[in-house]
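Single-letter residue listing:
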Amino acid sequence: MKKSLSMILMIVAAFALVLAGCGAKEKTSSGSEPSAGEDGKKVYKVGTEATFAPFESLDDKGNVVGIDVDILQAIADEMGFEVEWQNIGWEPVFQTIKNGETDIGASGITINEKRKESFDFTEPYYESQLLIVVKEDSKIKSLAELKDKKISVQINATGHEAAKKLQGESSTNILAFENQPIAIQEMLNGNVDAAIGDNAVVYEYIKAHPNEKLKVIEDDAFEKEYYGFMVQKGNTELLNLLNEGLKKIKENGKLKEITGTEFKEKK
């Protein structure tokens, strides 16, 4: 009886080791193995927040469209993989990459040192700069004048960081919202004195709302920013794949065609 029980335990233990080995093979540095499409190509899940036009927005059919979509599709075409877009919101873009639930973060994400501590980024593909947005009759002319004013921003975006740098981490004058359009709307509603946001997104908002009486303020106090695609820390296989594709579309002119601007390499 003891001998039979020992044999059974040995078999169960061996079976458990086999299962563990299989699990280890399936797990990749991104936290999950990309699925395969009908043609056998790898399919990478892309997390985004689709209220960031012109980089991400939803068309009338609910599809994610925009500059980031076109850039990533051009890279995918060059490198032979597919992408599956998921509109999950700004904060979840970061969390799902961390958890391995999505593979790529693409939402006009600025590369900075703080984010690089937790994530890996591709080479930059777009140069951006923060702007101040106020009502047309506002007397505000610079960032310095917002020191004691109420400011609306997109939560944990670089505009939020700029506001905290100006007023302090715990300032109650900073109102942070899920997306940039809401931040601008809060300013229009009179709840804050100014909004801070990325230039392309601010100008796209103004273009889409021509009847709103808005004024844009540029300030050299804001540093140049650069967007990149984000992957889980240590996922060098996917990072190299994206960088190689990005290099190709920079060289063949596709990136310029999509963005409408000549990209200037970060110095």
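Since this is a predicted model, take the numbers as computed values, not measurements.

A word on the side chain of T102. When you line up the elements, T102 lands in the loop between α3 (90–99) and β6 (104–105). A polar atom in the side chain of T102 sits 3.5 Å from the backbone nitrogen of I97.

Nonpolar side chains in soluble globular proteins generally cluster together in the buried interior. Core analysis: the largest hydrophobic core is formed by 36 residues, its most contacted members being I71, L72, I75, F81, F229 and L242. Among the secondary structure elements, those contributing two or more residues to this core are β2 (42–48), α2 (67–79), β5 (82–87), α7 (199–208), β14 (225–227), α8 (236–251) and α9 (254–259). Ignoring any residue separated from it by four or fewer positions in sequence, one finds I71 in contact with Y125, F229, I249, L255, I258 and T259. Of all hydrophobic cores here, the second largest spans 16 residues; its members include L143, A162, L166 and I174.

Once that is clear, we can look at the packing of aromatic side chains. Tallied over the entire structure, the rule returns nine aromatic pairs. Consider the rings of F55 and Y126, whose centres lie 4.9 Å apart with planes at 80°: the pair is edge-to-face. Of this pair, F55 sits in the loop between β2 and β3 (57–58) while Y126 sits in strand β8 (residues 126–128), and the two are 71 residues apart along the sequence. The class of F55 is buried, set by a relative accessible area of 0%. Arranged with centres 5.0 Å apart and planes meeting at 80°, the rings of W90 and F94 form a pair that is edge-to-face. One end of the pair, W90, and the other, F94, are both in helix α3, four residues apart, so they sit about a helical turn from each other. Residue class for W90 comes out buried when judged on its relative accessible area of 3%.

Below, the discussion takes up the confidence of the model for the protein chain. Low pLDDT marks stretches whose predicted atomic positions should not be read closely. Looking at the protein chain as a whole, its pLDDT mean stands at 89, while 86% of the residues score no less than 70. With pLDDT under 50 throughout, residues 15–30 is counted as low confidence; its partners more than four residues away or in other chains account for 10 contacts.

Moving on, we get to helix α6 (residues 180–188). All of the buried residues along α6 are Q180, A183, I184, E186, M187 and L188. Summarising the contacts, the buried residues of α6 are in contact with β9 (130–135), β10 (151–154), β11 (174–177), β12 (194–198), α7 and β13 (214–217). The opening residue of α6 is N179, an N-cap whose side-chain oxygen sits 3.0 Å from the backbone nitrogen of I182. Within two residues after α6, G190 carries a phi angle of roughly 85°, on the positive side.

All right, on to the side chain of D219 then. On the secondary structure map, D219 appears in the loop between β13 and β14. A polar side-chain atom of D219 sits 2.8 Å from the main-chain amide nitrogen of L143. Non-local contacts of D219, meaning those with residues more than four positions away in its chain, are made with Q129, S142 and L143.

Within the element layout of this structure, P34 appears in the loop between α1 (2–26) and β1 (35–36). Judged by its relative accessible area of 14%, P34 is buried. Residues P34 and K45 lie 11 residues apart in sequence; the distance between their C-alpha atoms is 7.8 Å. When sequence neighbours within four positions are dropped, the list of residues in contact with P34 reads K42, V43 and Y44.

This next bit is on α2. End to end, α2 covers 18 Å across 13 residues, agreeing with the expected 18 Å (1.5 Å per residue, within 8%). Residues of α2 that are buried include every one of I67, D68, V69, I71, L72, A74, I75, A76 and M79, and no others. Turning to α2, the residues buried within the fold contact β2, β4 (64–65), β5, β6, α8 and α9. Immediately downstream of α2, the backbone of G80 shows phi near 75°, a positive value.

Rules used throughout
Residues numbered from 1 in each chain as written. Predicted model: local features only at pLDDT ≥ 70, side-chain atom pairs only at ≥ 80, totals over all residues. Heavy atoms only, no water. Helix = DSSP H or I, 4+ residues; strand = E, 2+ residues; numbered from the N terminus. Polar contact = N/O pair within 3.5 Å; in protein donor to acceptor, adjacent residues only side chain to side chain. Core = buried A, V, L, I, M, F, W, Y, C linked by side-chain atoms within 4.5 Å. Buried < 20%, exposed > 50% of the residue type's maximum accessible area, 1.4 Å probe, protein only. Contact = heavy atoms within 4.5 Å. Phe/Tyr/Trp six-rings, centres within 6.5 Å; stacked < 30°, edge-to-face > 60°. pLDDT = per-residue confidence, 0-100. Expected span 1.5 Å × (residues − 1).

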